[in-house]
Amino acid sequence: MEAFLFIPCLVEHVLPHVGEATTAVLVRAGVTPTLPKGQTCCGQFAYKRGRADLVRPLARRFVEIFQDAPAVVCPSGSCTAMVRRYPSLFAEDDPFREQAAQVAAKTFELGQFLVERLGLTDLGARCDLTAALHGSCQTTRVLGAGSATEALLAKVAGLTLVPLARPERCCGFGGAFSIDYPEASEAIVAEKIDDIVASGAEAVITAEPSCLLNIASAMAKRDLPIRALHLAEVLAGEGI
Amino acid sequence: MTKTAHDFAKASAKALGDRQSRAILHKAIGHIRVLRQRSVNAMPDFAERQARAVAVRDNTLAKLPELLEKLEASVTAVGGRVHYAETAASAASLVTAILSERGAKLVVKGKSMVSEEMGLNEVLEAAGIEAVETDLGEYIIQLAGQRPSHILAPALHVSKEQVSDLFARKFGRTSTDIPEMTRIARDSLRQKFLAADAGITGCNIAIAETGTVTVLENEGNIRLSGSCPPIHIALMTLEKVVETLADAAVVLDILPPAATGQTLPVHLSFFTGARREGERDGPQEMHLVILDNGRSDILADPKLRSILRCIRCGACLNVCPVYQSVGGHAYGTVYPGPMGSVISPLLKDNPGDPRQPFACTHCAACSEACPAGIDHPALLQELRRRVSETETDLPVAAFSLLARHPLLFGGAAAVGRLFDPKLREVAAVAPDAPVGRFLRCREFPGLARPFSRRFKALARRLKRLQGGRA
Ligand code: SF4
C-alpha cells in the first residue's frame, strides 16, 4: 500500500534522521511512502497558546495536501493528536469540518499505523541495547497509542527494556512551556533524566520527537553517555 | 484592582531554588502516589465507581438551584440556619458577625479550604476572636504563619524535623518521634476544644434531602470541632451539595481512594442540624454558610462548568509535573495544581496569575487521575483561548504566518541554519531570549539539512535494498 508521510517541522529541520528512519520502517513494512510537497507545521504551537484561530488556516492547508492520501503516517504522537483535533476547530455546520474529519481519521502515528492499521508488530528489527521507554504523554494519554509502541518494542530482537520508576511522568518540555517557565521545565526534565540514569539504561526510546529533543539535549548538557532514540530508529535497525 | 497580579513564573523559579523544600515535597508526593496506586489497583471497579460519581456530580450541576433550596429547607427543619454569601469577603464578615453577636472569643477549626478562600482567620483575628486550627497539618501551618500548600495535606511541604523545631520554639517541648509530636499538639489542642465558644468546619458533601453536612478526616478533630462547642458553623461552596444520601454514598465510594488511597477515612461524620430536645450533646446552634464567589457564573458557562464536578480529592495535584516540582505556594492562590489553575482565575477573590493556565506541559496526567471525570486539558485550553484573545502574541503569530507559506517557512529555516553556530552562543549571550531560556539546561541541537531534501535519494536507495532482499 501507499502512505503519505506527514513530517513535523521539528523532524524536517532538526531531527531529519527520524524522518529517514520512519521512511525505512515503512518500506520494510511493505508500504510505499510518498512525501507530499508544501508541508510546514501542524499548528500545535499556536493551538497550545490558545490560538485556534491561527491554527485553522494551517488545518486547511493540511487537509488540502493530504486529502487524497490512502493513509497519513507521522513519526509524532503530538502532531498526530493535533490533526485528530482539527475537526473540533470548525463549527458543527461548517462543511469543512467533515473534510477535516476524513483526513483526521486516516492520520496515524507511526506505531499506531503499523499495529492498528497494518496489524504488524514484528518487523524483524534487531537492536542490541538495554533501554528505557519514555512513553510520551501526547502519544500515550492524549492519542492513546502507547500500547502500539510497547507491542512493537516487545518484538525487537536483542532489546532489553528496563522500567522507569515513574514511567507515566512528563519530560517537562510542553512546547512554549519550556520557554515561558524554564526553571520548572528544567526541574522536570532533570527528574526524568535521574529516572533514566537510575534505570541503568544505555538508551531511552520514545515515539515523540519533542520529548526526544528535550531529553537528548538535556542529557547532552550533562555529558551523559546515554543515547536517545526515536521508535523509528529502533525499528529501522540497520535498515538505513 | 490595586494589587499587581501574582507572577507564577517568578514565584515558581524562586520555589525551585529551595532545594530542601523540593526534596520534602518529592518524598511526600511519592508516598501519596504509592498509596493511591495500591488502592486503585485493588479496586477492579474503579471505572464504574467513577462513572457513577460523575453522574451524581452532573445531577448536582443540572439542578443546583433546586438542590440548594431543598438543602436549606432540610437544614432549617433539623434546627440549623443557612446563610448565603456572594463573595469570600462577605462570607468572612457573615461568620464573624455570627460569632461576635454571641460574644464568642475562641473558635476551634477543622480543616477547610473554603475558610482559606474567605481568608477567615485574619478577619476573625481582626475582630478579636482567636481561631485555632485543629487539623494537625493545618495547626502546624498556622503555628508557622504559613499557608497550606496542598488542598488535602496543608503541611505537605514541611518535614518532620522542621515541625520538631517549630514545636520547640512554640511549646518549649519537642520530639522527632511522630506519635510523641502528635501528643504534644494534642495536649495543647484539647484545652482549646473544651474551652471553645464555637467550632468551624468545612463540608465535603452536603445532602439536600436530609440537611446533612458530611465530613471526611483521619484525625477526629473535625468531629470534635463540630460536636463539642455550643455553636457549629459549617462552610461550603455551593456546588458541594448532592441530592440524596445514596448520592453521597456514591461520592464516598470514590473520594477516599482517589485522595489518600483509603477505602474509607478514619472518621466519617454526618452532622445533621443542632441538638434537639432531649438530646444530651451536640451544638446548640448550627449554621451552614454557602459561598458562591464566582461559582454561579462558572455554572452558567457551559464550556467551563464541569470544573464544578470537583470533589477536592487532590489527585490532580499529586500527578501534575508542575505542581510536583514547584509546590503549592508558588501558585499564590488557595487552590494550586491543575484544578486550581482552572478554578482560581474564575474566582472573584484572589484569582492569582491570569496566565496560570499557560503553566502547563499538556501532559494530561490530571484528567487521567481525576475521579470526577474533569477534562482539565480542555478547560485550560479554553482559558488560554480567553486570555489570548486579549493580547498579541507576536512570536506565535509570526510563526503561524510563516507556516502558511512553505517557501518562507523553508527560507526562515535556511537562514537559521546559516546562523546555526551562532545560535549556540545565545544561551551565554542572551539567557533571557526565548532560545536562551530553552538552552539554559540543554545543549543546542542544531538545525540540519531538511528531511525533504534527503527523501528522494533515500527512497531510491531503500527501494534498491528492498529489491535486493526480495
Ligand atoms: S479536579 Fe478531579 S482530581 Fe483534581 S481535586 Fe478535583 S476531583 Fe480531585
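This is a predicted model, so every value here is computed, not measured. (Residues numbered from 1 in each chain as written. Chains lettered and ligands numbered in written order. Predicted model: local features only at pLDDT ≥ 70, side-chain atom pairs only at ≥ 80, totals over all residues. Heavy atoms only, no water.)

Would you mind going over the overall build of chain B with me for this structure?
Tallying secondary structure elements over chain B gives 25 helices and 10 strands in all. Along the first, second and third principal axes, the C-alpha set of chain B runs to 95 × 50 × 50 Å. Going through the 470 residues of chain B one by one, you find that 53% of them count as buried. By sequence separation, contacts in chain B at least 24 residues apart represent 73% of the contacts at least 6 residues apart. Just so you have it, chain B exposes about 20,900 Å², and 56% of that area is on carbon and sulfur atoms. When the 59 basic and 50 acidic side-chain charges of chain B are each reduced to a single mean position, those positions are 12 Å apart. (Helix = DSSP H or I, 4+ residues; strand = E, 2+ residues; numbered from the N terminus. Buried < 20%, exposed > 50% of the residue type's maximum accessible area, 1.4 Å probe, protein only. Contact = heavy atoms within 4.5 Å. Areas by Shrake-Rupley, 256 points an atom, 1.4 Å probe, with all protein chains shown as cover. Lys, Arg positive; Asp, Glu negative; His and termini not counted. Charge placed at Lys NZ, Arg CZ, Asp CG, Glu CD.)

Looking at this structure, how should I read the overall build of chain A?
Scanning chain A from terminus to terminus reveals 13 helices and 8 strands. Taken over the C-alpha trace, chain A has a radius of gyration of 17 Å; the compact-globule value for 240 residues is 18 Å, and the two agree within 12%. Each principal axis of the C-alpha atoms in chain A carries an extent, and together these give about 55 × 45 × 25 Å. For chain A, the share of sequence-separated contacts (at least 6 apart) that also reach a separation of at least 24 residues comes to 79%. Counting every atom, chain A has about 8,000 Å² of accessible surface; 51% of that belongs to carbon and sulfur. Of the charged side chains in chain A, 22 are positive and 27 negative; the average position of the first set lies 2 Å away from that of the second. (Rg over C-alpha atoms; globule rule 2.2 N^0.38 Å.)

Can you help me understand the side chain of Asn293(B) in this one?
All names here are of chain B. By the secondary structure assignment, asparagine 293 is in the loop between strand S10 (285-291) and helix H14 (295-299). Owing to a relative accessible area of 0%, asparagine 293 belongs among the buried residues under this scheme. Of the polar contacts made by the side chain of asparagine 293, one reaches the side chain of glutamate 117; its length is 2.8 Å. Contacts of asparagine 293, omitting those with residues within four sequence positions, involve Ala85, Glu86, Thr87, Ala88, Glu117, Leu347, Lys348 and Asp349. (Polar contact = N/O pair within 3.5 Å; in protein donor to acceptor, adjacent residues only side chain to side chain.)

Any chance you could explain the site of the ligand here in plain terms?
In the vicinity of the ligand, the residues found are Cys310(B), Ile311(B), Arg312(B), Cys313(B), Gly314(B), Ala315(B), Cys316(B), Met339(B), Cys370(B), Pro371(B), Ile374(B) and His376(B). For the shell around the ligand, the class distribution of residues is 9 nonpolar, 2 polar and 1 charged. (Near = heavy atom within 4 Å. Nonpolar A, V, L, I, M, F, W, Y, C, P; charged D, E, K, R; others polar.)

Explain the interface of chain A and chain B to me, please; I cannot follow it from the model alone.
Where interface size is quoted, it is often the accessible area lost as the parts come together. Taken together, the 66 residues of chain A in the interface contact 62 residues of chain B. Carbon and sulfur atoms make up 63% of the surface buried where chain A meets chain B, a total of about 5,800 Å² over both sides. Between chain A and chain B we count 5 salt bridges in total. Across the pair Glu368(B) and Arg141(A) runs a salt bridge, and its minimum N-O distance is 3.6 Å. There are 22 residue pairs in polar contact (both at pLDDT 80 or more) connecting chain A and chain B. (Buried area = accessible area lost by both parts, 1.4 Å probe. Salt bridge = Lys/Arg side-chain N within 4 Å of Asp/Glu carboxyl O.)

Help me understand the environment of Cys370(B) in this model?
All names here are of chain B. Within the element layout of this structure, cysteine 370 appears in the loop between helix H18 (365-369) and helix H19 (376-389). What makes cysteine 370 buried here is its relative accessible area of 8%. A sequence separation of 112 residues divides cysteine 370 from alanine 258, and the C-alpha atoms of the two residues are 7.8 Å apart. For cysteine 370, the contacting residues outside a window of four places in its chain are Gln50 and His376.

Can you help me understand the packing of aromatic side chains in this one?
Aromatic rings considered in pairs are described by the distance between their centres and by the relative angle of their planes. Residue and element names in this part refer to chain B. One pass over the structure, following the stated rule, counts 17 aromatic pairs over all chains. Taken together, a centroid distance of 6.3 Å and an interplanar angle of 35 degrees make the contact between tyrosine 323 and tyrosine 331 tilted. Residue class for tyrosine 331 comes out buried when judged on its relative accessible area of 2%. Here phenylalanine 399 and phenylalanine 409 contribute two aromatic rings whose centre-to-centre distance is 5.6 Å and whose plane-to-plane angle is 75 degrees, an arrangement assigned as edge-to-face. (Phe/Tyr/Trp six-rings, centres within 6.5 Å; stacked < 30°, edge-to-face > 60°.)

I would appreciate a short explanation of the domain arrangement of chain B in the present structure.
Here the domain parsing of chain B yields domain 1 (45-296) and domain 2 (394-469). Taking the mean C-alpha position of each, domain 1 of chain B and domain 2 of chain B sit 55 Å from one another. (Domains from an automatic or database assignment.)

I tried to follow the confidence of the model for chain B on my own but got confused; where do I start?
Reading fine detail from the predicted coordinates is not recommended where pLDDT is low. The pLDDT averaged across chain B works out to 92; a share of 99% of its residues lies at or above 70. Interface confidence in the predicted complex, given as ipTM, is 0.94; pTM for the same model is 0.93. (pLDDT = per-residue confidence, 0-100.)

Quick question: what am I supposed to make of the nonpolar core here?
Soluble globular proteins tend to pack their nonpolar side chains together in the buried interior. With 67 residues, the main nonpolar core has Leu71(B), Leu288(B) and Ile307(B) as its most contacted residues. At 5 residues, helix H4 (residues 64-77) of chain B tops the list of elements feeding residues into this core. Among residues more than four places away in sequence, those in contact with Ile307(B) are Ile298(B), Met339(B), Val342(B), Ile343(B), Ile374(B) and Leu379(B). Listed in part, the 66 residues of the second largest apolar core include Phe108(A), Leu153(A), Leu159(A) and Leu462(B). (Core = buried A, V, L, I, M, F, W, Y, C linked by side-chain atoms within 4.5 Å.)

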